[in-house]
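Letter by letter, the chains look like this.
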Amino acid sequence: MKQYKGVVFFDYDGTTVDEVDRIKTATDKTIESLKKLKENGYLTMLCSGRTKRFLEADIDKFQGAITCNGSYTEVDGEIVRDIYIPDELLFRVIDEYFPRDTIIQMDTQDVTYYLHNDAEFFAYFCRLFNLPDHWYAPWKFRKAEHHITKLVMNYKTPDVFEDFKEEFVNDFECAKHVRENFFDITLKGVTKGDAVSELIEKLGIDPKESYAFGDADNDVEMMKAVGTGIAMGRHSDAVGEVAAMVTGTVKEEGITQGLEKLGLI
């Protein structure tokens, strides 16, 4: 890998884009700021709970990405980390929780697999959000080389989330989405922070020259792992507690504001 002066990590939802203000892709100002960061010797990393496929609109604006809440890392086209859920554990989740009226997404970096009973739901989901059908496929079409790096479980009753966390406390990390009844599932010990720390060490970068922008609870470990954590204008209480500074919202060009205040651009 190349040598960099430092590295800046950017969460995606609520940081680079914002559904609240209907900002669906990185703003022109953010893109220009990322370009200046690169010119100043900093590695720019997207750091998201999403897979690569669901970052298509903006992933090419960055030099690398950490996806699935830390399960996968790629820098300058090189795969640095690829942690996936063993099939034995995956099937246990399906056997126990599919009968509880849940919908389970099985994410790889390129395609999301689903159980055949949920075909109608995902067809509707694609129409609703104008997503390409080829982003989703029935489980029976799974390719052997496609690692399941993350699960997403949609549930109807709160006890499902609580029961799952308790039962799989030694196996999985669970990150609940703020506004919906679904949560991300990755292997125990795999977090954005874990992946960030690993990358900083591999790059040989001084931790003081590492920065992270975020807004939600699953950004807390990432922000703890860097020298300076920056909270977006709208952020969770947990993020506010660990952030060194607060910038504006996406609509207020919070990324550019923060980078300028830090003197990085």
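Described below are features of the structure shown in this document. Here the structure is a predicted model, which means the values were calculated and not measured. (Residues numbered from 1 in each chain as written. Predicted model: local features only at pLDDT ≥ 70, side-chain atom pairs only at ≥ 80, totals over all residues. Heavy atoms only, no water.)

1. Details of the pairing of strand 2 (residues 42–47)
Taken residue by residue, a regular strand's side chains alternate between the two faces of the sheet. Filter applied, for reference: The cut-offs for exposure are 20% and 50% of the maximum accessible area for each residue type, with area from a 1.4 Å probe on protein chains only; residues under the lower value are buried, those over the upper are exposed, and the others partly exposed. Secondary structure elements follow DSSP: runs of H or I no shorter than four residues count as helices, runs of E no shorter than two count as strands, and numbering proceeds from the N terminus. Here a strand pair is declared whenever DSSP counts at least two bridges between the two strands. Assignment of crossover handedness uses the view with strands pointing away from the viewer, where a clockwise path from the first strand over the helix to the second indicates a right-handed crossover.
Of all 6 residues making up strand 2, 6 are buried, and the element is well covered by its neighbours. Of the two faces of strand 2, both are covered, the one formed by Y42, T44 and L46 as well as the one formed by L43, M45 and C47. Pairing of strand 1 (residues 6–10) with strand 2 involves 5 bridges; the strand directions are parallel. Opposite V7, over in strand 2, you have L43 as the bridge partner. On the question of chirality, the crossover connecting strand 1 to the parallel strand 2 by way of helix 1 (residues 28–39) is right-handed. Judged from the 3 bridges that link them, strand 2 and strand 3 (residues 64–67) form a sheet pairing that is parallel. Bridged to M45 within strand 3 is G64.

2. Here's the deal with the sheet that holds strand 9 (residues 150–154)
Put simply, the rule is: Every angle, taken between N-to-C directions, lies between 0 and 180 degrees, and every axis is a line fitted to C-alpha atoms, over only the stretch in contact when it is a helix.
What the 6 strands build is an open sheet, ordered 8-7-6-9-11-10; its pairing is mixed. Edge positions in the sheet fall to strand 8 (136–138) and strand 10 (172–176), since each has one partner strand and no second. Each strand of the sheet is rotated relative to its neighbour by a mean of 25°, with strand direction disregarded. Summarising the sheet, strand 7 (residues 112–114) and strand 8 pair through 3 bridges and their orientation is parallel. Counterpart to Y114 in the pairing with strand 8 is P138.

3. Quick notes on the packing of aromatic side chains
The test is simple: Pairing of aromatic side chains here covers Phe, Tyr and the six-membered ring of Trp, requires ring centres within 6.5 Å, and sorts the geometry by plane angle: under 30 degrees stacked, over 60 edge-to-face, intermediate tilted.
Using the criterion set out here, one finds 21 aromatic pairs in the structure. Taking 5.8 Å as the distance between ring centres and 55° as the angle between the ring planes, the aromatic pair formed by F10 and F62 counts as tilted. In this pair, F10 is assigned in strand 1 and F62 in the loop between strand 2 and strand 3, connecting sequence segments 52 residues apart. Both residues of the pair, F10 and F62, belong to the buried class. Considering the side-chain rings of F54 and Y136, the 5.9 Å spacing of their centres and the 75° angle between planes classify their relative orientation as edge-to-face. Taken together, the positions of F54 in the loop between strand 2 and strand 3 and Y136 in strand 8 put the pair 82 residues apart, joining distant regions of the chain. A relative accessible area of 7% means that Y136 is categorised as buried.

4. Some words on the packing of helix 1 against helix 8 (residues 254–262)
The geometry of a pair of packed helices is captured by two quantities: the angle between their axes and the separation between those axes. In plain terms, the rule: The contact criterion used throughout is that any non-hydrogen atoms of two residues lie within 4.5 Å. Classes in brief: Ala, Val, Leu, Ile, Met, Phe, Trp, Tyr, Cys and Pro nonpolar; Asp, Glu, Lys and Arg charged; the others, Gly included, polar.
Remark: helix 1 packs on helix 8, axes separated minimally by 8 Å, with the N-to-C direction vectors making an angle of 30°. Of the residues in helix 8, those touching helix 1 at K29, T30, S33 and L37 are I255, T256 and L259. Residues that form the contact of helix 1 with helix 8 fall into these classes: 3 nonpolar, 3 polar and 1 charged.

5. Points about the side chain of K192
To keep things clear, this is the line we draw: Definition of a polar contact: a pair of N or O atoms within 3.5 Å, with one able to donate and the other able to accept a hydrogen when the atoms are protein atoms, and with sequence-neighbouring residues admitted only if both atoms are side-chain atoms.
With respect to the helices and strands, the residue K192 is situated in helix 5 (residues 192–203). Looking at K192, the relative accessible area reads 1%, which means it is buried. Within the structure, K192 has its side chain in polar contact with the side chain of D11 (distance 3.0 Å).

6. Describing the sheet that holds strand 14 (residues 245–246)
Strand order across the open sheet formed by 8 strands is 5-4-3-2-1-12-13-14, with mixed pairing between neighbours. Whereas interior strands pair on both sides, the edge strands pair on one side only; in this sheet they are strand 5 (78–82) and strand 14. As paired strands, strand 12 (residues 210–214) and strand 13 (residues 228–231) are joined by 4 bridges and run parallel to one another. Across the sheet, the residue bridging to F213 is I230, located in strand 13.

7. A look at helix 8
Three or more residues of helix 8 are buried, namely G254, I255, T256, G258 and L259. On its buried face, helix 8 sits against strand 1, helix 1, strand 12 and strand 14. Looking at the residues trailing helix 8, positive phi occurs at G263, about 75°.

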